[in-house]
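# What the coordinates show
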Amino acid sequence: MEFSLPWVFLIVFVSALIITPFIIWLALKVGVVDHPDERKVHTRLMPRLGGLAIFLAIVVGYFVSGLYHEQMNSIILGLIVIVGLGVVDDMYGLTARFKFLVEIGVACIIVFGSGLVIHFVTLPYFGKIELGFFGYILTIVWIVGITNAINLIDGLDGLSAGVSAIVLSTIGVLAFFGGKIMILTMVVVSVAAILGFLVYNFYPAKIFMGDTGSLLLGYLIAVISLLGLYKSVTLFSFIVPIMILGVPIFDTLFAIIRRAVNRKPISAPDKSHIHHRLLALGFEHRTTVILIYIFSFMFSASALLLSGSSTLLGSFVLIVAIILFLEFIVELTGLVSTRYRPLMKFVGKLRRKKG
């Protein structure tokens, strides 16, 4: 039996509320727990596998929403593989290289199995540019990159789940106004499952989503956003999903820069992500998560404004303003290093000249 979207949301949300306590019991029973250490904020054993609860709630939504009628076999196969990868990683621990290779394999399933590829980009003053084989590479990089970006920000109670819900909801708004019902339905199912889980995951959390959850959410965001870009995009329509994903992309980009500056491997863990830096500035756990939610809302609002902009100049000004804001946040929090402050130094020089 299929239901209207409000009923689908309610059914999936309640399903997540019911399923999550069983996953908490299961994780504790089989010993799939997160141990505290010097890199982590929590101080006691926490059950993992929370992503499994999100996945099972999504399975419920897949059937009650009628999504099973859609031709999305490759997407479903990729979803199952990525969840399986996360479960095994949460239970036994896998190397970053192995997970990366599996993620590339999943991206190839999507690209070559479903044909979900960006074939060309339309640029202002240049017209349509065929991407050819580069379109396949770009699509694979997008899927793997976003999947890992969500994984990297999974450092505080409710952070990845909340940011993912905001990101997906923004994609849902664009899908609604664009008349893309399948994308909207996927968003409703995903967000309902996330919010049901978030009841148990927000500070103080009763369960962590683990890699099962962060990889699952990253995969969903990557694929659902790609569905909105299918085959062809304009320059600014390609920037819109990047802006929606501002927080995870921003944090991942500067993690790469920070590790390059400090001559560390890209996969090397550290305690200098945006949430770590905000905690170091003295913000409490819950306040830090809410601040990052606000950042994510700001990115989403900017993306919606950009998608509705009718002028090239207006779009350009908005993008420049966002870049300057990001640079200010980077320097204020010391995201690259506490010595990296070119913008603040430049503003200081201007003030001294005026004085």
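Given the structure is predicted, the values throughout are model-derived calculations rather than measurements.

Parameters and conventions
Residues numbered from 1 in each chain as written. Predicted model: local features only at pLDDT ≥ 70, side-chain atom pairs only at ≥ 80, totals over all residues. Heavy atoms only, no water. Helix = DSSP H or I, 4+ residues; strand = E, 2+ residues; numbered from the N terminus. Buried < 20%, exposed > 50% of the residue type's maximum accessible area, 1.4 Å probe, protein only. Contact = heavy atoms within 4.5 Å. Areas by Shrake-Rupley, 256 points an atom, 1.4 Å probe, with all protein chains shown as cover. 1 Å grid on protein atoms, 1.4 Å probe; cavity = no way out; pocket = protein on both sides within 12 Å on 5 of 7 lines; lining within 4 Å. Points joined across faces, edges and corners; volume = space filled by probe spheres on them. Phe/Tyr/Trp six-rings, centres within 6.5 Å; stacked < 30°, edge-to-face > 60°. Salt bridge = Lys/Arg side-chain N within 4 Å of Asp/Glu carboxyl O. pLDDT = per-residue confidence, 0-100. Patch = residues over 30% accessible without salt bridge, like charges linked within 9 Å, V, L, I, M, F, W, Y side chains within 5 Å. Expected span 1.5 Å × (residues − 1). Polar contact = N/O pair within 3.5 Å; in protein donor to acceptor, adjacent residues only side chain to side chain. Lys, Arg positive; Asp, Glu negative; His and termini not counted. Charge placed at Lys NZ, Arg CZ, Asp CG, Glu CD. Axes fitted to C-alpha atoms, helices over the stretch in contact; angles between N-to-C directions. Parallel < 35°, antiparallel > 145°, perpendicular 65-115°, else oblique. Left-handed = near helix turned anticlockwise from the far one by under 90°. Nonpolar A, V, L, I, M, F, W, Y, C, P; charged D, E, K, R; others polar.

If you tally the helices and strands in the protein chain, you get 14 helices and five strands. Scored against the burial criterion, the 355 residues of the protein chain give a buried share of 50%. The contacts of the protein chain with a sequence gap of at least 6 include a subset with a gap of at least 24, amounting to 73%. Summed over all atoms, the accessible surface of the protein chain reaches about 17,100 Å², with 70% contributed by carbon and sulfur.

Let us now look at empty space enclosed by the protein. In this structure the tally under the stated criterion is one cavity of 30 Å³ or more. Volume-wise, the largest cavity comes out at about 60 Å³. Every residue along the wall of the largest cavity is listed here: Val247, Phe250, Ile274, Ile292, Phe295, Phe299, Phe325, Leu326 and Ile329.

We now examine the packing of aromatic side chains. Evaluated as defined, the whole model comprises eight aromatic pairs. Both rings, one in phenylalanine 112 and one in tyrosine 136, keep their centres 5.5 Å apart while their planes meet at 10°; by these two values the pair is stacked. With a gap of 24 residues between them, phenylalanine 112 in helix α4 (residues 96-114) and tyrosine 136 in helix α5 (residues 133-152) connect regions that are remote in the sequence. Classification of tyrosine 136 by relative accessible area gives partly exposed; the value is 25%. A connected cluster of aromatic rings, assembled from ring pairs, spans Tyr62, Phe63 and Tyr68.

Here the focus is the pattern of salt bridges. Per the stated rule, a full pass over the model turns up three salt bridges. In this structure, aspartate 90 and arginine 48 form a salt bridge, with 3.1 Å as the shortest nitrogen-oxygen distance. Separated by 42 residues along the polypeptide, aspartate 90 in helix α3 (residues 73-92) and arginine 48 in the loop between β2 (46-47) and α2 (50-64) bring together distant segments of the chain. In this pair, the class of aspartate 90 matches that of arginine 48, namely buried. Note that aspartate 211 is salt-bridged to lysine 99, the shortest N-O span being 3.0 Å. Of this pair, aspartate 211 sits in helix α8 (residues 210-228) while lysine 99 sits in helix α4, and the two are 112 residues apart along the sequence. Accessibility assignment for this pair places aspartate 211 and lysine 99 in one class, buried. Via salt bridges that share partners, Asp89, Lys99 and Asp211 belong to a single interconnected network.

Of the residues in the protein chain, 84% have a pLDDT of 70 or more, and the chain-wide mean is 82. Taking the mean pLDDT of every element in the protein chain, the minimum, 46, falls on strand β5 (residues 231-234) and the maximum, 96, on α2. Predicted confidence for residues 231-236 stays below pLDDT 50, and this span has 21 contacts to residues more than four positions away or in other chains.

Side chains of Trp7, Leu10, Val14, Ile18 and Phe22 sit close together on the surface and give an oily, nonpolar patch of about 520 Å² of accessible area. Turning to its location among the elements, phenylalanine 22 is positioned in helix α1 (residues 5-30). Here phenylalanine 22 falls in the exposed class, since its relative accessible area comes to 57%.

Before going further, it helps to examine helix α7 (residues 181-201). If you check α7, its first and last C-alpha atoms are 29 Å apart, about what 21 residues at 1.5 Å a residue would give, namely 30 Å. Across the 21 residues that make up α7, a large majority, 17, are buried.

What follows deals with the side chain of serine 74. With respect to the element layout, serine 74 can be found in helix α3. Reaching out from serine 74, the side chain makes a polar contact with the backbone oxygen of glycine 113 at a distance of 3.3 Å.

Turning to a positive patch on the surface, a few remarks are in order. A grouping of Arg341, Lys345, Lys349, Arg352 and Lys353 is seen on the molecular surface, where their side chains present a positively charged patch. Take lysine 345: it is sitting in helix α14 (residues 342-354).

Quick reminder: α-helices carry 3.6 residues per turn. Residues three or four places apart thus point the same way. Relative to the 27 Å expected for 19 residues at 1.5 Å per residue, α8 spans 28 Å between its end C-alpha atoms, a close match to the ideal helical length. Most of α8 sits inside the fold, with 18 of its 19 residues counted as buried.

Once that is clear, we can look at the packing of α4 against α8. The N-to-C vectors of α4 and α8 enclose an angle of 30°; their axes lie 12 Å apart at closest approach. The angle between α4 and α8 places the two elements in the roughly parallel class. The way α4 lies across α8 gives a crossing that is right-handed. Every residue of α8 that contacts α4 at Lys99, Glu103, Val106 and Ile110 is listed here: Asp211, Leu215, Tyr219 and Val223. By residue class, the composition of the contact of α4 with α8 is five nonpolar, no polar and three charged.

Turning to the packing of α3 against α4, a few remarks are in order. Two numbers describe how α3 lies on α4: the axes approach to 9 Å, and their chain directions differ by 170°. If you check the angle between α3 and α4, you find them roughly antiparallel. Residue-level contacts link Ser74, Ile75, Leu77, Gly78, Val81, Ile82, Leu85 and Asp89 of α3 to Phe98, Lys99, Val102, Glu103, Val106, Ile109, Ile110, Gly113 and Ser114 of α4. Here the contact of α3 with α4 is built from residues that sort into ten nonpolar, four polar and three charged.

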